[in-house]
Amino acid sequence: MEEKLSGIVLGGVNVGENDKILNVFTLEQGVVSAKIKGVKKAGAKLKFASEPFCFAQFVFAKTGKNRTVIGASLLDSFYPIREDLSKFFCGGALLEYVRKFLKEGIVGEQTFYLLVNTLKEMAYGEKAPECLLAYFLINALSLSGYALLLDGCFGCGCELGNRIFFDYAFGGFFCESCRIETSREINADTFFCLQKISRGESLEKERCIRPLKLLDFYLSEKTDVKINSLKELLNIL
Ligand SMILES: [Zn+2]
């Protein structure tokens, strides 16, 4: 049986001398695995379709549960992401997030469009890749059921001021009078930057570092999932 799906390559592992097993996030079927043959040979026609970030219309041959790529027409390679170190690290974190959070075969249309739009902006837009990564994480976490609550104090709903406390178990922020024992004080500017990023504002790289650190902390504590490329990125920032 043949199956046509629009998908983005998240990564792959080598099998044998010339083949790969790809991890592809598709619009129609969620994350799927597929074998792609002969792509390590010189001049392989489908080599482009085995590279991370490749966004293509894939044609799979399906036998039982196994898929093999038999054709692909490129929609976008987001090539500039590979030419810039910051973009490459941030883009890698996007792909790793999807690999770790979206289970195989579970459709995630909204996350798919969020990923395509973020990759597009990262490749061709003006915003700092760190800002786009933070925007993606805030929204993707919300779609995965781990929303950060950025509207105001989680306790009383007031607008937060100069002392702000974060509690990862709630994904919420508290004012000084509502703070709970498990919350810890954060730099107030981190909260305001997160708010701005979540509204789609463009922040320079330096103002995205603390928000990314908080997102990394929240991810590790709340979900037990570690995004290694995010940690590597934070080490070089
Ligand atoms: Zn309060």
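Residues numbered from 1 in each chain as written. Predicted model: local features only at pLDDT ≥ 70, side-chain atom pairs only at ≥ 80, totals over all residues. Heavy atoms only, no water.

### What to know about the coordination of the zinc ion
Logical step 1: The coordination sphere of the zinc ion contains the protein donors Cys-153 (SG), Cys-156 (SG), Cys-175 (SG) and Cys-178 (SG), at a distance range of 2.3 to 2.4 Å.
Logical step 2: Considering all four donor atoms around the zinc ion, the spread of angles at the metal, 101 to 119°, places the coordination shape in the tetrahedral class. (Donors = N, O, S within 2.8 Å, 3.2 Å for Na, K, Ca; no water. Tetrahedral: all angles 85-135°; square planar, octahedral: opposite > 155°, others 65-115°.)

### Looking at the pattern of salt bridges
One side chain can pair with another of opposite charge once the charged atoms of both are near each other.
Logical step 1: Under the definition given, this model contains eight salt bridges.
Logical step 2: Of the charged contacts, one joins Arg-163 and Glu-176 as a salt bridge, the two residues approaching to 2.8 Å between their closest N and O atoms. Taken together, the residues span a long stretch of sequence, with Arg-163 in the loop between α3 (129-143) and β6 (164-167) and Glu-176 in the loop between β7 (172-174) and β8 (184-186) at a distance of 13 residues.
Logical step 3: You can call Arg-163 partly exposed: its relative accessible area is 33%.
Logical step 4: Accessibility expressed as a relative area gives 41% for Glu-176, which makes it partly exposed. (Salt bridge = Lys/Arg side-chain N within 4 Å of Asp/Glu carboxyl O. Helix = DSSP H or I, 4+ residues; strand = E, 2+ residues; numbered from the N terminus. Buried < 20%, exposed > 50% of the residue type's maximum accessible area, 1.4 Å probe, protein only.)

### Let's talk about the packing of aromatic side chains
What describes a pair of aromatic rings is the distance from one ring centre to the other and the angle between the planes of the rings.
Logical step 1: Counted by the stated rule, this structure contains 17 aromatic pairs.
Logical step 2: Between Tyr-97 and Phe-101, the ring centres sit 4.3 Å apart and the planes meet at 10°, which makes this aromatic pair stacked. With Tyr-97 and Phe-101 both in helix α1 (residues 85-101), this residue pair falls four residues apart, about one helical turn. Phe-101 matches Tyr-97 in its accessibility class, with the two residues each being buried. (Phe/Tyr/Trp six-rings, centres within 6.5 Å; stacked < 30°, edge-to-face > 60°.)

### Remarks on the sheet that holds β7
Logical step 1: Read across the sheet, three strands follow the order β7-β6-β8 without closing on themselves; strand pairing throughout is antiparallel. In this open sheet, the two strands that pair with only one neighbour each are β7 and β8. Averaged over all pairs of adjacent strands, the angle between strand axes in this sheet comes to 45°, irrespective of strand direction.
Logical step 2: Against the sheet, helix α5 (residues 209-223) makes contact with β6, β7 and β8, and its axis sits at roughly 30° relative to β6, the strand it touches most. (Pairing = 2+ DSSP bridges. Axes fitted to C-alpha atoms, helices over the stretch in contact; angles between N-to-C directions. Contact = heavy atoms within 4.5 Å.)

### Focus: unusual backbone geometry
Note: most residues except glycine have negative phi, and most peptide bonds are trans.
Logical step 1: Its identity as a non-glycine residue notwithstanding, Phe-78 has a phi of 50°, on the positive side.
Logical step 2: In this fold, Phe-78 is placed in the loop between β5 (66-76) and α1.
Logical step 3: Taking relative accessible area as the criterion, Phe-78 reaches 0% and is therefore assigned buried.
Logical step 4: In the Ramachandran plot, Asp-224 falls in the positive-phi region, its phi being about 70° despite a non-glycine side chain.
Logical step 5: Looking at the element boundaries, Asp-224 is found in the loop between α5 and α6 (228-236).

### Things to note about the domain arrangement of the protein
Logical step 1: Entries for the protein in the domain assignment read domain 1 (2-76) and domain 2 (80-236).
Logical step 2: Between domain 1 and domain 2, the C-alpha centre-to-centre distance is 29 Å.
Logical step 3: Of the residues lining the interface, 20 residues belong to domain 1; the matching set on domain 2 comes to 23 residues.
Logical step 4: A combined buried area of about 1,700 Å² lies between domain 1 and domain 2, and 71% of that area is made up of carbon and sulfur atoms.
Logical step 5: It is Phe-25, Leu-27 and Phe-53 in domain 1 that bury the most area against domain 2; as a group they hold 42% of the surface buried on that side.
Logical step 6: At the junction of domain 1 with domain 2, the criterion picks out one salt bridge.
Logical step 7: Scanning the region where domain 1 abuts domain 2 turns up four residue pairs in polar contact (both at pLDDT 80 or more). (Domains from an automatic or database assignment. Buried area = accessible area lost by both parts, 1.4 Å probe. Polar contact = N/O pair within 3.5 Å; in protein donor to acceptor, adjacent residues only side chain to side chain.)

### A short note on the pairing of strand β1 (residues 2-15)
Logical step 1: For β1 and strand β4 (residues 55-63), the ladder comprises seven bridges, and the chain directions are antiparallel. Within the sheet, the bridge partner assigned to Glu-3 lies in β4 and is Phe-60.
Logical step 2: By the bridge criterion, eight bridges tie β1 to strand β2 (residues 19-26) in an arrangement that is antiparallel. Residue Asn-14 lies in a different strand from β2, and its bridge partner there is Lys-20.
Logical step 3: Here β1 folds back onto β2, and the loop between the two strands holds three residues, one of which, Gly-16, carries a positive phi near 60°.

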